[in-house]
Amino acid sequence: MTQDTNTEQDLGLDDDLMAYVDGTLPPEKMAEVEARLARDPDARAATASWRHHDNLIRQMAQTADDLPANMRIAALERELTAKLKARKRRAFLMGPALGRIAASVLIFTAGWGGNALYNSAASIGGSAYPQFVSATVTGHYALQYASMQEAEFQPEEMETALDWISERMQRKIDSPKLGRLGYEVESARLVSAEGGPLAIFHFRDQQGERVTVSIAPHAPDKADYPLRVVRMDTDSIAYWTDAGLDYSIIGDVDVGQITTLAAAVRE
Amino acid sequence: MSLKAEVTLHTASLRRYALVLTRDPTAADDLVQETLMKAIDKADTWQPGTNLRPWLFRIMHNTHISDLRRAKTRSDAAPDLPEPVVPDHQHVQLELKQVLQALDQLPEAQRLPIILIALREMSYAEAARTLDVPLGTFMSRLGRGREALRKIVSGVTAGKLTVLNRKGNI
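Treat the numbers as computed from the prediction; the structure is a model and nothing was measured. (Residues numbered from 1 in each chain as written. Chains lettered and ligands numbered in written order. Predicted model: local features only at pLDDT ≥ 70, side-chain atom pairs only at ≥ 80, totals over all residues. Heavy atoms only, no water.)

### What to know about the overall build of chain A
Phase 1: Summing up its helical and strand segments, chain A has 7 helices and 12 strands in all.
Phase 2: Among the 267 residues that make up chain A, the fraction classed as buried is 50%.
Phase 3: By sequence separation, contacts in chain A at least 24 residues apart represent 55% of the contacts at least 6 residues apart.
Phase 4: In the form shown here, chain A has an accessible surface area of approximately 12500 Å², with 51% of it arising from carbon and sulfur atoms. (Helix = DSSP H or I, 4+ residues; strand = E, 2+ residues; numbered from the N terminus. Buried < 20%, exposed > 50% of the residue type's maximum accessible area, 1.4 Å probe, protein only. Contact = heavy atoms within 4.5 Å. Areas by Shrake-Rupley, 256 points an atom, 1.4 Å probe, with all protein chains shown as cover.)

Below, the structure written as structure tokens:
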């Protein structure tokens, strides 16, 4: 039971009063603290003052939102984002994070020392995922597949790419239609993954944000995958089966955006 | 949330924190720029998957402390308050001025926890990590600082408050 007799300093050392002011008091303690405040004028005055001072400081801080835009800060913000993304990619490919990703194909980390990395596990964050999803994640992060890559196409070669991919998969494959969402195709690759051929399409929007879409024939002995959306750090992944093809899409976007992108691919 | 959106969000938070620390919009933007430049240089020290906000605030905190040590003094609060600072009520302006002046009498060790928590953008644990102190130490400094601030604002004489001894408290 908290004492009601306060010295000059002990109010400030009372974690319950502090949590009450900062909105972090557990609900089960709320009644007890409110009863104490009702009978303890010192505690009541202290908490009211702390809250009032916080409000004044916060109001002043929020005037920063009305300051003019600062172009130098905006440029540094972009540079920092690019650096952190590169950091994330390196950590993924070289650090313990690699163990979370199923890389069912051999990847060549061009630009980061040319190390060949291989991981036959099929899990992301400890959960089992279809191999085509794992291969897509790997394809999104790695710049280039080495021995498993059959062909790579530039944007102007997309018609040829689709013919090639369709022939390899023995069915008509259309390019994912993400244009109306502001994404343009950057390249396409055909890869021999463990589960068979995998077509990988890389897209980029005007802000330089990348998303990667993959298409692979669905294994006839396996049940179709219903649409599923998962998060991996700041990336989102969606995958599903439709008309005998497995699809997956990954990008540094939120769950709502990846779902919108998945819907556009499904069209 | 994308990494880009996250960086933009945190930069806005840094700008708010910097404005309270410096009380001057130009100095605040300079501090934010310096912080971002250091963050770019230190990008490899960020652990992907961990919260970016305490990492960035910690860089700003260290930058601010270095600046203070270089300058040996803080800028005065009142003359440089950005306009408009708060809703246009004279008594609110006056109260804010009193609170900021009282904040300036506190040691950095108590002043910074009060500001970080007042911004309502971090948990106690994140704020403690930002200032690189154990959680218990942070809570103690926050509580003592709040009480000291209250007593200064309400006119208690400075001589009665041991917390106003600023020597070696940064």
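### Here's the deal with the overall build of chain B
Phase 1: A tally of regular secondary structure across chain B gives 7 helices and 0 strands.
Phase 2: Overall, chain B shows an N-to-C arrangement of helices and strands of α-α-α-α-α-α-α.
Phase 3: Taking as baseline every contact in chain B between residues at least 6 positions apart, the subset at least 24 positions apart corresponds to 64%.
Phase 4: As displayed, chain B has an accessible area near 7500 Å², and 51% of this comes from carbon and sulfur atoms.

### Things to note about the pairing of strand β7 (residues 184–193) of chain A
Residue and element names in this part refer to chain A.
Phase 1: Sheet topology note: the β7/strand β8 (residues 196–204) ladder contains 9 bridges and is antiparallel. Looking at β8, one finds that V191 is bridged to L198.
Phase 2: The turn linking β7 back onto β8 is made up of 2 residues. (Pairing = 2+ DSSP bridges.)

### Describing helix α6 (residues 124–131) of chain B
All names here are of chain B.
Phase 1: Most of α6 sits inside the fold, with 6 of its 8 residues counted as buried.
Phase 2: Buried within α6 we find Y124, E126, A127, A128, T130 and L131.
Phase 3: With its phi angle positive at about 60°, D132 sits one or two positions after the end of α6.

### What to know about the packing of helix α2 (residues 27–39) of chain A against helix α3 (residues 41–62) of chain A
Residue and element names in this part refer to chain A.
Phase 1: One way to put it is that α2 packs onto α3 with a least axis distance of 5 Å and a crossing angle of 110°. Here α2 is positioned roughly perpendicular relative to α3, judged by the angle of their axes. Residues R36, L37, A38 and R39 of α2 lie in contact with α3, whose contacting residues are P41, A43, R44 and T47. (Axes fitted to C-alpha atoms, helices over the stretch in contact; angles between N-to-C directions. Parallel < 35°, antiparallel > 145°, perpendicular 65-115°, else oblique.)

### Some thoughts on the side chain of R58(A)
Phase 1: Along the chain, the position of R58(A) falls in helix α3.
Phase 2: Here R58(A) is buried and forms no salt bridge, its nearest opposite-charge partner D54(A) lying at an N-O distance of 5.3 Å.
Phase 3: Among the polar contacts listed, one links the side chain of R58(A) to the backbone oxygen of A118(B), at a separation of 2.8 Å.
Phase 4: Excluding its chain neighbours within four sequence positions, the residues that come into contact with R58(A) are A118(B), L119(B) and R120(B). (Lys, Arg positive; Asp, Glu negative; His and termini not counted. Salt bridge = Lys/Arg side-chain N within 4 Å of Asp/Glu carboxyl O. Polar contact = N/O pair within 3.5 Å; in protein donor to acceptor, adjacent residues only side chain to side chain.)

### Some words on α3(A)
Phase 1: Spanning 22 residues, α3(A) covers 31 Å between terminal C-alpha atoms, matching the ideal 32 Å at 1.5 Å per step.
Phase 2: Among the residues of α3(A), the N-terminal cap falls to D40(A), whose side-chain oxygen and the backbone nitrogen of D42(A) are separated by 3.1 Å. (Expected span 1.5 Å × (residues − 1).)

### Let's talk about the interface of chain B and chain A
Reports often express the size of an interface as the amount of accessible area lost when the parts come together.
Phase 1: With 62 residues of chain B at the contact, the number on the chain A side is 54 residues.
Phase 2: Where chain B abuts chain A, roughly 5200 Å² becomes buried across the two surfaces, and 64% of that area is made up of carbon and sulfur atoms.
Phase 3: Where chain B packs against chain A, one counts 3 salt bridges.
Phase 4: Between R146(B) and D22(A) there is a salt bridge, with the nearest N and O atoms lying 2.7 Å from each other.
Phase 5: The interface formed by chain B and chain A includes 15 residue pairs in polar contact (both at pLDDT 80 or more).
Phase 6: Of all the elements in the fold, those that place two or more residues in the side of chain B that touches chain A are α1 (3–22), α2 (25–41), α3 (52–71), α4 (90–105), α5 (108–118) and α7 (135–153) of chain B.
Phase 7: Residues that form the side of chain B that touches chain A fall into these classes: 39 nonpolar, 8 polar and 15 charged. (Buried area = accessible area lost by both parts, 1.4 Å probe. Nonpolar A, V, L, I, M, F, W, Y, C, P; charged D, E, K, R; others polar.)

### Focus: the confidence of the model for chain B
Atomic detail in the predicted coordinates should be set aside for any region of low pLDDT.
Residues and elements named next belong to chain B.
Phase 1: Scored by pLDDT, chain B has a mean of 80; 78% of the residues are at 70 or more.
Phase 2: The lowest-confidence element of chain B is α4, averaging 83 in pLDDT; the highest-confidence one is α2, averaging 94.
Phase 3: Residue range residues 156–170 is modelled with pLDDT below 50. Its contacts to residues more than four positions away, or to other chains, number 25 contacts. (pLDDT = per-residue confidence, 0-100.)

### Details of the nonpolar core
Phase 1: Judged by nonpolar contacts, the single largest core of 72 residues is most densely connected at L80(A), L84(A), Y17(B), L52(B), W55(B), L103(B) and F138(B).
Phase 2: If sequence neighbours within four positions are ignored, L84(A) has contacts with L3(B), V7(B), A43(B), W46(B), L52(B) and W55(B).
Phase 3: By size, the runner-up hydrophobic cluster in this structure holds 29 residues, among which are M158(A), I165(A), I173(A) and L190(A). (Core = buried A, V, L, I, M, F, W, Y, C linked by side-chain atoms within 4.5 Å.)

### A look at the side chain of R189(A)
Phase 1: Relative to the elements of secondary structure, R189(A) occurs in strand β7.
Phase 2: For R189(A), a relative accessible area of 1% translates into the label buried.

### Concerning the pattern of salt bridges
Phase 1: Summed over all chains, the structure comprises 20 salt bridges over all chains.
Phase 2: When the shortest N-O distance is used, the salt bridge between D16(A) and K29(A) registers 3.1 Å. With D16(A) in helix α1 (residues 15–22) and K29(A) in helix α2, this pair connects stretches of sequence that are 13 residues apart.
Phase 3: Of the residues examined, K29(A) reaches a relative accessible area of 31% and is grouped as partly exposed.
Phase 4: Ionic pairing is found between R146(B) and D54(A), a salt bridge with its closest N-O pair at 2.6 Å. Here R146(B) is found in helix α7, whereas its partner D54(A) is found in helix α3 on a different chain.
Phase 5: R146(B) gets classed as buried once you look at its relative accessible area, which sits at 2%.
Phase 6: Residues joined by salt bridges that share partners form a network here, namely D65(A), R16(B), R53(B) and E121(B).

### What to know about unusual backbone geometry
Phase 1: Even without being a glycine, A243(A) presents a positive backbone phi close to 50°.
Phase 2: Tracing the backbone shows A243(A) in the loop between β11 (235–242) and β12 (245–251).
Phase 3: Its identity is not glycine, yet R23(B) carries a phi of approximately 65°, on the positive side.
Phase 4: Its location among the elements puts R23(B) in the loop between α1 and α2.

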